[in-house]
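Reading the structure
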Amino acid sequence: QEMSKPQGAMGKGSVQAGQAKPNTFWWPDQLDLSPLRDHDNRSNPFGEDFDYAKEFNKLDLAQVKKDIDSVLTDSQDWWPADFGNYGPFFIRMSWHSAGTYRTLDGRGGGDGGQMRFDPLNSWPDNGNLDKARRLLWPIKQKYGKGLSWADLMILAGNVALENMGFQTFGFAGGRNDDWEPDLVYWGPEVAMLASDREDADGKLQRPLGATHMGLIYVNPEGPRGVPDPAGSAKNIRLAFGRMAMNDEETVALIAGGHTFGKMHGAHKPGDCVGAEPGAAGIEEQGLGWKNKCGKGHSEDTVTSGLEGAWTQAPTKWTSLYLSNLLNFEWKQTRSPAGAIQWIPTDESLHKSVPDAHVDGKFNPPVMTTADLALKADPAYKAIAERFLANPEEYRLAFAKAWFKLTHRDMGPRANYLGKEVPEEVLIWQDPIPENTAKPLSGGEVKKLKKAILDTGLTTAELVQTAWASASTFRAGDMRGGANGARIALAPQNSWDVNNPDQLNKVLGKLKDVQRSFNSGKKSVSLADLIVLGGAAAIEQAAKKGGVDITVPFVSGRGDAKQEHTDVVSFDLLKPTADAFRNYYDETNSYRPPTEMLVDKADQLNLTVPELTALIGGMRVLGGNWDGSSHGVFTDNPGTLNNHFFVNLLDMATQWRKADTAGLYEGFDRKTGEVKYTATPVDLIFGSNSELRAIAEVYAFDNANEHFVNDFVDAWVKVMQLDRFDL
Ligand code: HEM
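Summary of the structure given here. (Residues numbered from 1 in each chain as written. Predicted model: local features only at pLDDT ≥ 70, side-chain atom pairs only at ≥ 80, totals over all residues. Heavy atoms only, no water.)

Some details on the coordination of the iron atom of the ligand
Just one protein atom coordinates the iron atom of the ligand, and that atom is His-258 (NE2), at 2.1 Å. Topologically, His-258 is positioned in the loop between α9 (247-257) and β1 (262-263). (Donors = N, O, S within 2.8 Å, 3.2 Å for Na, K, Ca; no water. Helix = DSSP H or I, 4+ residues; strand = E, 2+ residues; numbered from the N terminus.)

Details of the pattern of salt bridges
Evaluated as defined, the whole model comprises 40 salt bridges. For the salt bridge of Lys-65 with Glu-162, the shortest nitrogen-to-oxygen distance reads 2.8 Å. Taken together, the residues span a long stretch of sequence, with Lys-65 in helix α3 (residues 61-72) and Glu-162 in helix α6 (residues 149-163) at a distance of 97 residues. Judged by relative accessible area, which is 11%, Lys-65 ranks as buried. You can call Glu-162 partly exposed: its relative accessible area is 27%. Arg-479 is the partner of Asp-430 in a salt bridge, and the nearest nitrogen-oxygen pair spans 2.7 Å. (Salt bridge = Lys/Arg side-chain N within 4 Å of Asp/Glu carboxyl O. Buried < 20%, exposed > 50% of the residue type's maximum accessible area, 1.4 Å probe, protein only.)

Structural notes on empty space enclosed by the protein
Counted according to the given criterion, the structure contains 6 cavities of 30 Å³ or more. Computed from the structure, the largest cavity encloses a volume of approximately 760 Å³. Considering the residues around the largest cavity, the lining is formed by 41 residues, among which Arg-92, Trp-95, His-96, His-258 and Trp-310 are closest to the centre. Sorting the residues of the lining of the largest cavity by element identifies α4 (87-98), α8 (229-242), α9, β1, α12 (369-376) and α14 (391-407) as the ones contributing at least two each. By residue number, the principal contributor to the lining of the largest cavity is α4, which donates 6 residues. Residues of the lining of the largest cavity, tallied by class, amount to 24 nonpolar, 13 polar and 4 charged. (1 Å grid on protein atoms, 1.4 Å probe; cavity = no way out; pocket = protein on both sides within 12 Å on 5 of 7 lines; lining within 4 Å. Points joined across faces, edges and corners; volume = space filled by probe spheres on them. Nonpolar A, V, L, I, M, F, W, Y, C, P; charged D, E, K, R; others polar.)

The structure is reproduced here in structure tokens:
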């Protein structure tokens, strides 16, 4: 009996009794590879060949906008529009769609249209936004695959702003829809929230500030519900900072946003509001938060629990939010739902805001504690005063901050689609000057590869540099990558993991090659040469192992300049762990090495076999950042072959923990001699049963060529992750 019970399995995860249990239920510490298997093309109803850009470009964008504009004022009985205009409601939807973006790992944001799926669909912060999307369904239905939900949710916010008299900065389409929840992105985030949120209000009770939402914004009622505007300012600075917004952008966004619309807290949520969409009954057909009080909508709506509008003209672009905030004194009160909010001390103002639904009724303007933060904090206040005095400056600041908010996760401008893409190039777009040179011919590529190898740079040096350059890419916001050769610029040229001394030497030699090539009529970018150097080194290393192979290469990368490079923003791309170079920064990594390996592979869009081939190849090529021999299971480093796998799986070696924490030693079973050393990200390919299954394939007797081909394919994929131009 005892024997049949899995050792150490406590069933710590949670699964319902009748459900199949994943291995992580029994063994919570087992490495979970599922992040590398989601968003499978088989989930995409448009099929593998679907080209969203092509479909979007066929749209008549002006007509789409016209159609959305008519939805705004076509009030539906099942969810009547406040003030006869859904504009403010749609702006909140756009903001919440984009506002999950965070700079830390580039995840979140409006791309993918994730708000359609749980958990975002059911986050308390997104209360009633299910209705906003349902109101837009006729538009989605009309334009079908030509207009993704992700684009529509952002575009609707722009159309709403324009409808209410605001001149936007522009709009770019190009957000592809996902077809399943981003488990990768939201699962790990829980842990990150926990460590990040120490200073922020982590224990928010009200719907708008539920525990998950620290990253979107703060509790409107104040830190942990305490009505402390100065404390709220601190949290706002933290939360908006994590969204890549500075003080000016933050003031512009909050003031500009709350110029429109109202809050909803007509009744106590506990008395009236049903389950969120994810938990609602099947008959609700995907809608949630059913409100059984009064009409259940209109003047009875309960969303955040706060109640009222900020301005006297909630469907018009004005400076009223700022003048109200700065010119009135505010006193604390409570909404009908019991939430803390603020109204003017001057009672003559208490009947100055028209009611959203009841004719002839007037209400006081309101502010949340978070709004008052813009007055309590001296830096915010100075900006608010400047904006009030300079309406055009205010308008432009909000327009630009809104554009940044809603486009921040789309990657470079090459991904922007449509006629409304602003001409102005913005630093947060990580601009790269276009490479206008003629594509390199096959002969030129050959010549350059030879010139690079003739410099005497080693395989390890060339491979590490190319990898360092390309592997900053992160799928979360499509930043980073080899294009732009920013590895030659601050801050990347001084990151530890990039081995600055070696990097300088390599770049110096590559620049020599570039100079001599460019002295003729032709021109090659440094970015291309870095990638080409990797290709040349790999070809040579494969040949040494008896495999003749050409590493595919497409020229056309440009070189960025330092002034195009926001150093602070690029420092966010610094890896805290890069298993491919056997790098692990224990202090700053938020998860153990093997999990960081999966995280990095996920950001590089790698599959499990690709990840495996790359590790095996990088080790034998000498890819370790510090030149160490951890995981270099070969007698001939610098030769591309499958020895990493063959030797890892060889029973002649026995592995033990080394005295140094985090390291392992492999002993020859016969002689007792230490043959190899390794890190967890080396040995995981022998210990994890799924990774071992792939490692076995590459260790087969006749698998060397298969391995080399797979390695090269995965390598080229990484080198081209940012080639949106191809
Ligand atoms: C509504 C809080 C930032 C745009 C609301 C509501 C709350 C809130 C509590 C009421 C929701 C409801 O009950 O219906 C906050 C806080 C923020 C913030 C605490 C940050 C400190 C922003 C930003 C924007 C924005 C940056 C846009 C740029 C809106 C709009 C509405 C709204 C347009 C009105 C929605 C409607 O009329 O249905 N916000 N918000 N908010 N928010 Fe914010």
